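Read off the chains here:
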Amino acid sequence: MSDIDPDVEKQKLAEAIRAYHAAVEPDAYVADWVLVSHKMSPELEQANQSAVGVLMPTGQTFVTTHGLLGVAVHQSQNGWSVGG
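Values in this document were obtained by computation on a predicted structure and should not be read as measured data. (Residues numbered from 1 in each chain as written. Predicted model: local features only at pLDDT ≥ 70, side-chain atom pairs only at ≥ 80, totals over all residues. Heavy atoms only, no water.)

### Details of helix 1 (residues 6-24)
Then, in step 1: With 19 residues, helix 1 ought to run about 27 Å at 1.5 Å a step, and its terminal C-alpha atoms sit 27 Å apart, in line with that.
Then, in step 2: Restricting attention to buried positions, one finds in helix 1 the residues Lys10, Ala14 and Ile17. Down the axis of helix 1, the sector holding all buried residues measures 60 degrees, keeping them to one side.
Then, in step 3: Residues of helix 1 that are buried make contact with strand 2 (51-55).
Then, in step 4: For helix 1, the N-terminal cap is Asp5; the gap from its side-chain oxygen to the backbone nitrogen of Asp7 is 2.9 Å. (Helix = DSSP H or I, 4+ residues; strand = E, 2+ residues; numbered from the N terminus. Expected span 1.5 Å × (residues − 1). Buried < 20%, exposed > 50% of the residue type's maximum accessible area, 1.4 Å probe, protein only. Arc of directions from axis to C-beta. Contact = heavy atoms within 4.5 Å. Polar contact = N/O pair within 3.5 Å; in protein donor to acceptor, adjacent residues only side chain to side chain.)

### As for the pattern of salt bridges
A side chain of one charge can pair with a side chain of the opposite charge when the charged atoms of the two come close.
Then, in step 1: All told, the structure shown has 1 salt bridge when counted by the stated rule.
Then, in step 2: Between Glu9 and Lys12 there is a salt bridge whose closest N-O contact spans 3.3 Å. Residue Glu9 and its partner Lys12 are located together in helix 1, separated by 3 residues, close to a single helical turn.
Then, in step 3: With a relative accessible area of 46%, Lys12 lands in the partly exposed category. (Salt bridge = Lys/Arg side-chain N within 4 Å of Asp/Glu carboxyl O.)

Have a look at this one:
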């Protein structure tokens, strides 16, 4: 069993996301966020598969998360920048 606490790691991620946005856009702050990742492992690669991970802050509402994902999909379909 790992000694890694997923909640502590999620908090570190949230802090890094806020620090990134504070650096590139100092007049704005992050109220909510969603991270979508494409995950691989040797076992998945061997089976010619992969997985998608979705991570959001604990307690963030479904409506907010769904809305953020919807905006990201819309922006990516229109060639707009989705990050930063």
